Amino acid sequence: MGIITISFILLSIMAIASGIMMILSKNPVNSILWLIVLFFAISGHYILLNAQFLAIVNIIVYAGAIMVLFLFVVMLMNLNAESEPVKNKRLQFIAIISGGSLLLVLLSAVMSIKDMHPVMVAGGNAGLIKTLGKVLFTDYVLPFEISSVLFLSAMVGAVVIGKKD
Amino acid sequence: MDIKAYIALSLTLFSIGIVGVLTRRNAIIVFMCVEVMLNAVNLLLVAFSNMHAASATAKALPTFASDAQIFVFFIMIVAAAEVSVGLSIIVMLYRNTHSIDVNFLNRLKN
Amino acid sequence: MNNVLQIVWLIPFLPLVGFLITGLMRNNLSKSAAGFIASAAILGSFALSVFVFFQVKTGNTHVAYYFDLFRINTLTVAFDFKIDQLSSLFLLIITGVGFLIHVYSTSYMHDEDSKDFSKYFSYLNLFVFSMLLLVMGGNYVIMFFGWEGVGLCSYLLIGYWFKNNDYTNAAKKAFIMNRIGDLGFLLGLFWLISIVGTVSYDEVFSAVNLAKLSTADVTGITLLFFVGACGKSAQIPLYTWLPDAMAGPTPVSALIHAATMVTAGIYMIARSNILYTMAPATQNVVAIIGLSTAIVAATIAIKQNDIKKVLAYSTVSQLGYMFLGLGVGAYTGAVFHVMTHAFFKALLFLGAGSVIHAMGGEQDMRNMGGLKKYMSITNMTFLLGCIAIAGMPPFSGFFSKDEILAGAFAKNPLLWGIGVVGAMMTAFYMFRLYAMTFLGKFRGTHEQEHHLHESPKAITFPLIVLAILAVVGGWIGIPEIFLHGGHKLEAFLEPVFAQSNAIAAKHEISHNTEFLIMGVSVLLSLLSLLFGLKIFSNYKKENEVPATGFATVLENKWYVDELYNKIITQPLRTLSIFFNYTVEKKGIDGFVNGTGKFVNYGSRQLRWLQSGQVGAYILLMVIGMLVLFIIQLFIKN
Amino acid sequence: MGTFITFPELLLWLPLLAGIICFFVKTETAAKAVAFGGSLVVLGVALSSLCYTDAKFLTYNAVNYIWLKELGTGFYVSLDGAGRILTLLTAVAFPIIFLTTYKNSYKNAGAFFGLMLLTQCGLMGVFVAKDALVFYFFWELALIPVYFLCSRWGGEKRIQATFKFFVYTFLGSLLMLTGIIYVYLHTGPRISEGVVVALHSFSLQAFYSATLSAVEQGWLFWLFFIAFAIKMPIFPFHTWQPDAYDQSPTATTMVLSGIMVKMGLFGVIKWLIPIFPLAVPKFANAVMILSVIGIIYASCIAMVQDNLKKLVAYSSIAHIGLMCAAIFAMNELSLQGIMIQMFSHGINIIGLWVVIELIEQQTGVKKMSELGGVAHKAPVLTIMLIIIAFANIALPLTNAFVGEFMMFAGIYQHSIWMAAVAGLSIILAAVYTLNMIQKVFYGNTNHTTEKINDISFAQKLGLALIVVMIFAFGVYPQPMIDLAKEAVNGLAIK
Amino acid sequence: MNAILFSAIWGVIMMFSGVFIKSKTTPKYLAIAGIILLFIVNALELNVFNTGSLHFEIDTKEMLNIKSSNLAFLAVVFASTLLFFLLNGRDVEKVGEHVGEYFALIFFVLCGVSIVATYNTLLLLFLGVEIMSIPLYILTGSDKRNLKSNEASLKYFLMGAFSTGIMLMGIAFIYGGNPNGSFFINNIQMGEGTMPVMMAVGLVFMMIALSFKVSAAPFHFWTPDVYDGAPTVFTSFMSTIVKVAGFFAFVRLFENSFGKVHEQWQNLIVFITVATLLIGNITAVFQQSVKRMLAYSSIAQAGFMMLAVFALNDRAQEGLLLYSAAYSIATIGIFAVLVKMKDYTIEGFNGFSKSQPLLALCTTIFLLSLTGIPLTAGFQSKFFMLMAAAEIAGKFWLIIVAVLFAAISAYFYFRVIQAMYFKEASDTVIEESDITTGFKITLAICAVLIIAIGIYPELVVGWMYH
């Protein structure tokens, strides 16, 4: 039981716990904070998997930009904690049951698989910024350009929707 | 480290996301749950990429395993775009009906 | 002189032309013109028939082929006429009697307005045409043409006064009962076709084809044919239409429902005699049915008061005798009786018509009486007719009836015995009729009495002719025992029945037994005749006692109509209504519309899935995902 | 010898053309003129085609264009046997219909007559199609205009009635379509000029030689048969019919009852029996029993009908049932019989509708109980009706007799009992027909029938034509028989 | 390639037009010009004019797969979009202020469509789908004052995002499942033999995500609400072009990646198909609003298109192409008429044939086509689909089920026809001013197209074999 395993377990627990907390916490602000915790946990995993670039981007983009945006919106609407009345219990129950059973089905299916490659943890330069950069601007230049269209449309959309008139 | 552990982890996160979508009524939080699902996927992809990195083909071309991580990168891009649009929609709705409770959205039914 | 047989087609053609002229131009034909054309047409074909008859008498028969009605690989039906002894004889009867009745009608129907007048004559001509087709046809299909055609005409003529609902009902009844018979006839025909694959008489009766028929076949076929005959010739169980058919004008009753159409059944059986001879079982059935019809009808006739009804039932019973004759194999006798019966029954009907005419439409005998002194000719001729039908020698009825009875005796004395009883009743009710009508004193109202008069020439002339025939008509068939070679008719018809006679078991009866039975029957009839005459010669309405017990049964005709109504008409109607309202509307259509409703209902229910709640939607989606995963991962296909 | 255009094409395109013209005609009289003229021309073509029935004129009677090449279907139409008779019927019927309904006025007449002629086109197509896809096309094409005709110009409950009729038949034809597809996938390749242009073929011959196991034929048989049974209609599938007849405008009802029902019979003859030789003997009895039940059932209901139109509708069901039974008796007699009967029944029932139409128009009622004594007021009408009615119950010397005689004889040879039971219809038919005559025409007039007056010249002419045909084919049906011979021989040889 | 490029560029142009051109009507003409241009460049690439395939030489690293069938599909899409612009251009202006932007978004959608039509890797599939979806979220909500529109927009967005998550999970599993570790759809393919479990899981995830995009049951729930809430013009657009694009992506992915193991997932498709047919047809029967009825009818039609996924053979390819054309043209036409209506309920159509005979006739033709009556394109497409499905052995009952539901579909389509022709109008159903001659002509052209394709489907199918 090496350090890696331990850290994996810790990070996993952290991720799952924060995820659950996010769902449970009444106050939107809290859930956002829990979500940020979740993101950090996942970044930890990335590091563990030796994907530094993604780890960083995850922190910057998600935990940084996106979550802040969320935070702004929530603050803007200042939804106080009690604004959300409890949903009827039966439906929640069904929801949890179905979600859980989905998880069970998938796990039971996947876990039955024999002989799969282990994850090569340390070493390998696939995740290094240098490699990724090169790949991104050579092999993946087309999707990269196309994603600009995505952003354009998102931008236009945000304007069309958000603009007061 | 066994890949199954990662699969289990990301599936769990994924289902947490789903359950969140199902149980919460606040549009923003529902949306955040979706983000959780995306992150689960990202994690899984990275894990897989490292798994493949161990395989024979990886030896042949060094950048082989990068594909998945690039993919993750694009997922993040899309997520960002979605967030901008989604939040603007939510704001618009909030402007018109001072609520973002998805259960109040039932003018359209049957 | 052979050319007559070349132009036999003219015989039915003339009445057809008459029909077309009188029918199409009925709006602008004067009564006299219409009557003349119609009668002339019949007279023409009568003349031709006479020629034909003598031609045939010299022994050369003929099948005149015209064209193929239809021709396919497995069956060919030709349109051809068969002229032989049998058909030529019937030709004479039909055209002859038909002509007289046309003449009679010109005067009898004179009160109709001209349009209906010529309509009437067109119908009559059409009838004669169909009847001629029936007897001349060279195969069963052509016979069936005539067969249905006469049915149609009788329908039209019974319903001639179509304003009156009862009349149209009677017409309907007649047609439908005929149809029942026709079905039997057709089925028999199909059976025949399916075995021998042809319908023309000559081919069917050829030895080779007859050999194909097993006993079962021939019995079945003949029975089915007999059903047809029952319908047409008013035998039990299909006889009830004939009395109702009296709704039609009296000449029609005389022509169709006494002289010609109703004898079609006898003609058909006589025509296919060989088949019947080959099927003894059927013969017994025929004999029994015929005899029982004769008796039942006679019993009913005794209690009838409507003059035409009495005659109607007497017709039925006489037809019964003919079938008895056929049944016992006395084909000649049957045909003979057809002829004599045509004479005297036509005579009687026309006489009755004359009476009714004089009485201004009155038909109830209880309101008549004592007409003797007002209408002498009618009285005279009518009396002759009665004697003839009562079978008093040497009137025509005696010879024919006696021949049948003799045949019956030869077959089975019991048959003969019952037959004689029937003969007695005949004599009785006929003279009851005569007495109530002509003897005693007049019982009608005053203005009726005031109008009483002898009928015009056009009416009396046919009466006289027919009377003469009724007297002498029988002399062409004088039995051997009186005069050797006296039975000209038998000799004449011999070729037609040759095949049957060849195979039929000949049971000769000795001369003195024949004398005996003859004497017995005549004696008994005479007694009952006098008895009837005595009772009713001074009949009074006042001392009419309400019928009791068995008499009521007879008065109500054995309740047969009611019975049929109960066991056939009503149930059928109920069934139909059940079909219409329950099965159709509720059942099938209900199911069809039900499917539609079900879809609508399903639609209304399924809509609730679309609750409008995002949460619910996603929940359903997740459940859907679950299902798919389970199918894919855990259900092995 | 090359031919510029063939008879089947003419029979298709002429009505289509006339119909399209009608749509653009404004005035009613003009529309009527165009429609009547067009139908007359079609009749002319149909009649002249009779002079070229001989095999050596094939090029006049058949044509085959490439249509959807890689599907192996072609626009293949030709005139023969049963098709010829029914095209003739169609061609004869339409002028008569137009003639007898000439007095009726329709709002938006152009569309009405246009649709009528489209229907004719569709019917012609069904009867000449030799390619499954073409057949199906026209099968539907004949349905659509009728749908519009009925629900636009029909009675008060028209919309429901017609829609039921539409969905019913549409469902049936869709089932048939699936059947067609399945058979198609089991046909041999389509070869033109020696080269294989498609793996399978929709042509009729290919269907005849399709390789199908007995089991497959079994269920395919029903897929096809239900479509045809609904069209005819056969006993359990008939409930659309009385309402549709009752509610449609009479001209359309004539088409429906006179010609359209024949589509079903035609389908059975050409597209069912030869394609599934193994299934037919297996199910012939079942079908015949259904038909016979239908005969008795419909006759019984007809006896208690008070609505004239429904009475005729049910009587038609009975007759069609008889024909269907006759088809499945599968012997020469019965088949010849049905060939003639298809024509005769068309003529007779159209005649009946003409009379009923006249009565309903003048009195405004179709309940027999409210009518009576028409014979006084309209003797000519009465005589015509009586002739047609008796033709309808197959009295000898009328056209229907020979047909029914042969059919019964044929059925008898197949099964005595069925013939006997079906034969009851002879009696029942007499019952309800005479009832009808008695209630409507005999008896005394009442206030509704007082004002009735006799028929106009056009109607007299139309009816006279019908009557003439009735007697002509009643006395000398041989030509009609010869027309159908090869079709029959094709079927009867087993 | 041309299509992607030009649609993106023209999107940008439209975007700026929104900024610089004040007139509300101009962008429409600009957009029409653009779509025509798109069609032409696409045609050039498809080499319709036999001038040799003209397109920009860009090394896509096999990420795009340009072949005639894909381009043919794009041609159909652009053609129907052109019709859409011609018919609905003026109605787009009525939606709101930002006309230019709306058109820009539509062009971005078209860009996405072009991508999903030609993608060769899951990455581009993902991007393409997103580029298709995100502008649609906006367009759905573009009628900002209208609460229904807002609601629809949010619902669409939330569920869309959810389905994105699903799809990504699928991609991840597929990636992990195949040893080549590749996103290229042909490399995913790995011979016959049972799929590895991870593959299967990924496949199901993908199937679910794509079923969601094409609104196949039980993942269709967003459809009625969104189509109902969105501004009618945009409903018309997304219920036709976007949907068929989704199907095209669906078929291409499953054909290239999982074609060889067809039998192992056919049951799922059968399940989805039957469910879709059932829900779509049955639920549509009871609808009172034509708009919503059409939403359900689009589900019903999706059920038929699923047969292409079920069959996955050449006939299915042709059928899908044909279906895209037939379904798009007919639906666009009906929506174009619907937009002009004052009252969207079926009663709103009462007596329409009296006031607007031509429009009524065209609408009838469209409805007949959707029902699948012969001589209309609708029949041919359904017919091709059935043919394709029939070639799959042992599942013939599915076809019978399909036609049964087709018969039911007549039920709700004909209600409109009945209203138009056989019912009397209560009051004026339509403001005449909107009905320009041009509109009528275009609509008539649509109708003629429907008939023409119905008689001779080669018109469309032929493009595949250029």
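Keep in mind it's a predicted model, so treat the numbers as computed, not measured.

Analysis parameters
Residues numbered from 1 in each chain as written. Chains lettered and ligands numbered in written order. Predicted model: local features only at pLDDT ≥ 70, side-chain atom pairs only at ≥ 80, totals over all residues. Heavy atoms only, no water. Helix = DSSP H or I, 4+ residues; strand = E, 2+ residues; numbered from the N terminus. Buried < 20%, exposed > 50% of the residue type's maximum accessible area, 1.4 Å probe, protein only. Areas by Shrake-Rupley, 256 points an atom, 1.4 Å probe, with all protein chains shown as cover. Contact = heavy atoms within 4.5 Å. Salt bridge = Lys/Arg side-chain N within 4 Å of Asp/Glu carboxyl O. Polar contact = N/O pair within 3.5 Å; in protein donor to acceptor, adjacent residues only side chain to side chain. Nonpolar A, V, L, I, M, F, W, Y, C, P; charged D, E, K, R; others polar. Core = buried A, V, L, I, M, F, W, Y, C linked by side-chain atoms within 4.5 Å. Axes fitted to C-alpha atoms, helices over the stretch in contact; angles between N-to-C directions. Parallel < 35°, antiparallel > 145°, perpendicular 65-115°, else oblique. Left-handed = near helix turned anticlockwise from the far one by under 90°. Phe/Tyr/Trp six-rings, centres within 6.5 Å; stacked < 30°, edge-to-face > 60°. Lys NZ or Arg CZ within 6 Å of the ring centre and 35° of its normal.

Engineer: Hey, could you run me through the overall build of chain A in this one?
Structural biologist: Within chain A, the regular secondary structure consists of 6 helices and 0 strands. Along its sequence from the N terminus, chain A presents helices and strands in the succession α-α-α-α-α-α. For chain A, the proportion of its 165 residues judged to be buried stands at 47%. Summed over its atoms, the accessible surface of chain A is roughly 8,000 Å², and 78% of this surface lies on carbon and sulfur atoms.

Engineer: Explain the interface of chain B and chain A to me, please; I cannot follow it from the model alone.
Structural biologist: Note on interface size: it is often stated as the accessible area lost on association of the parts. In this complex, chain B contributes 67 residues to the contact, which on the side of chain A involves 76 residues. Connecting chain B to chain A are 0 salt bridges. The interface formed by chain B and chain A contains 9 residue pairs in polar contact (both at pLDDT 80 or more). Within the residue set of the side of chain B that touches chain A, elements represented by two or more residues are helix H1 (3-23), helix H2 (27-53) and helix H4 (66-96) of chain B. With 24 residues, H4(B) is the largest single contributor of residues to the side of chain B that touches chain A. Looking at the side of chain B that touches chain A residue by residue, the class counts come to 47 nonpolar, 14 polar and 6 charged.

Engineer: Can you walk me through the nonpolar core in this structure?
Structural biologist: The nonpolar side chains of soluble globular proteins are, as a tendency, buried together. Of all hydrophobic cores here, the largest spans 761 residues; its most connected members are C:Phe629, D:Phe328, E:Phe254 and E:Phe258. Look past the residues within four positions of E:Phe258 in its chain and what remains in contact with it is E:Ile174, E:Ile188, E:Gln189, E:Met195, E:Met199, E:Leu203, E:Leu253 and E:Trp265. Ranked by size, the runner-up nonpolar core spans 19 residues in total, among them C:Leu324, C:Val328, C:Ala406 and C:Ala408.

Engineer: What exactly am I supposed to notice about the packing of helix H18 (residues 376-390) of chain C against helix H19 (residues 396-411) of chain C here?
Structural biologist: Each pair of packed helices can be described by the angle between their axes along with the distance between the axes. All names here are of chain C. Here H18 crosses H19 at 15°, and the two axes come no closer than 6 Å. The orientation of H18 with respect to H19, classified from their angle, is roughly parallel. In terms of crossing hand, the pair formed by H18 and H19 is right-handed. Of the residues in H19, those touching H18 at Ala388, Ile389 and Ala390 are Ser396, Gly397, Phe398 and Lys401. The residue makeup of the contact of H18 with H19, split by class, is 4 nonpolar, 2 polar and 1 charged.

Engineer: So what exactly am I meant to see when it comes to the packing of aromatic side chains here?
Structural biologist: A ring pair, where both rings are aromatic, is described by two values, the distance of the centres and the angle of the planes. Following the criterion strictly, the structure yields 133 aromatic pairs over all chains and no others. Arranged with centres 4.9 Å apart and planes meeting at 65°, the rings of D:Phe235 and D:Tyr297 form a pair that is edge-to-face. Residue D:Phe235 is located in the loop between helix H9 (214-231) and helix H10 (240-247), and its partner D:Tyr297 is located in helix H12 (residues 279-303); the two are separated by 62 residues in the primary sequence. Above the plane of the ring of E:Tyr119 lies E:Arg252, whose end atom (NZ or CZ) is 4.7 Å from the centre. Positioned above the aromatic ring of E:Phe304, the side-chain terminus of E:Lys382 is 4.8 Å from the ring centre.

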